[in-house]
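Survey of secondary and tertiary structure
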Amino acid sequence: HADTGQLDVYRAGNAVVLAWSGEVELPMHTMLSRAFEAWRNKTQRFVLRLNSPGGSVREGGDVVELLQRIKSTHTLDTYVASRDICMSMCVPIFLQGRRRAAAADARFMFHEPKRFYDDGSEAKGFSFERRALTQRFFSEYFVNSPMDADWRSRLEKEWAGKNIYKSGKQLVDERSNIVTGIN
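Our subject in this report is the structure included herewith. All values reported here derive from a predicted model rather than from experimental measurement. (Residues numbered from 1 in each chain as written. Predicted model: local features only at pLDDT ≥ 70, side-chain atom pairs only at ≥ 80, totals over all residues. Heavy atoms only, no water.)

1. A short note on the overall build of the chain
Along the backbone of the chain there are six helices and eleven strands. The buried share of the chain, reckoned over its 183 residues, is 45%. Taking the intrachain contacts of the chain between residues at least 6 apart in sequence as the baseline, contacts between residues at least 24 apart amount to 66%. Summed over its atoms, the accessible surface of the chain is roughly 9,700 Å², and 47% of this surface lies on carbon and sulfur atoms. (Helix = DSSP H or I, 4+ residues; strand = E, 2+ residues; numbered from the N terminus. Buried < 20%, exposed > 50% of the residue type's maximum accessible area, 1.4 Å probe, protein only. Contact = heavy atoms within 4.5 Å. Areas by Shrake-Rupley, 256 points an atom, 1.4 Å probe, with all protein chains shown as cover.)

2. Here's the deal with the state of the cysteines
Overall, the coordinates contain one disulfide when judged by the stated rule. For Cys86, the disulfide goes to Cys90, at an S-S distance of 2.3 Å. Looking down the S-S bond of the Cys86 and Cys90 bridge, the torsion is -105 degrees, so its handedness is left-handed. Classification of Cys90 as buried rests on a relative accessible area of 0%. (Disulfide = S-S within 2.5 Å.)

3. With respect to the sheet that holds strand E1 (residues 6-12)
Taken in spatial order, the six strands of this open sheet run E1-E2-E3-E4-E6-E11, and their pairing is mixed. Each edge of the open sheet carries a strand with a single partner, namely E1 and strand E11 (181-182). Here strand E3 (residues 45-51) pairs with strand E4 (residues 75-80) via five bridges, running parallel. Along E4, the bridge assignment pairs Phe46 with Leu76. Here helix H1 (residues 28-39) sits on the sheet and contacts E1, strand E2 (15-21) and E3; the angle it forms with E1, its principal contact strand, is near 25 degrees. (Pairing = 2+ DSSP bridges. Axes fitted to C-alpha atoms, helices over the stretch in contact; angles between N-to-C directions.)

4. Considering the pattern of salt bridges
Under the defined criterion, the tally for this structure stands at six salt bridges. For Asp84, the salt bridge goes to Arg49, with nearest N and O atoms at 3.6 Å. In this pair, Asp84 sits in the loop between E4 and strand E5 (85-87) while Arg49 sits in strand E3, placing the two residues 35 residues apart along the sequence. Residue class for Arg49 comes out partly exposed when judged on its relative accessible area of 30%. Between Lys166 and Glu174 there is a salt bridge whose closest N-O contact spans 2.9 Å. Bridged by salt links that share partners, the residues Arg45, Asp77 and Arg98 form one connected network. (Salt bridge = Lys/Arg side-chain N within 4 Å of Asp/Glu carboxyl O.)

Quick look at the structure:
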């Protein structure tokens, strides 16, 4: 399930930008970890620029843990540029930023987590298993996030069986506290 995701690393002012484009799949965590190690003593501020359709909950969880370690010693901000996307498992990664900026037309997507077999087909499972997976994902990545509690509650009620799309501007206008500023 390795992805062809790409990581570009460059300096922008006093920050180092880690620009990830691709799915949240192997080797995202490894590439980000190596880039952080290479730059950790050369800057105090990292910006994670995301353009991702989402992907693996497991790989995304590893990336979230890495970003939490980075935040313990450095400033970490996140950004989604104009016409770029942050969907599915990308959203919990985006939420790790202290400042979470996006272009007005950046696209975000929320949906319940899904499981897939090795052949790529979706594992439907029993409804109680899907509910348990959804609740575990929601609790782990959204409940203790900076996401506004009322907005989160509405999302939890609305997302069953749906893909919910929002622009960066809509997330700001709805006071979700997912996006903290439009750039």
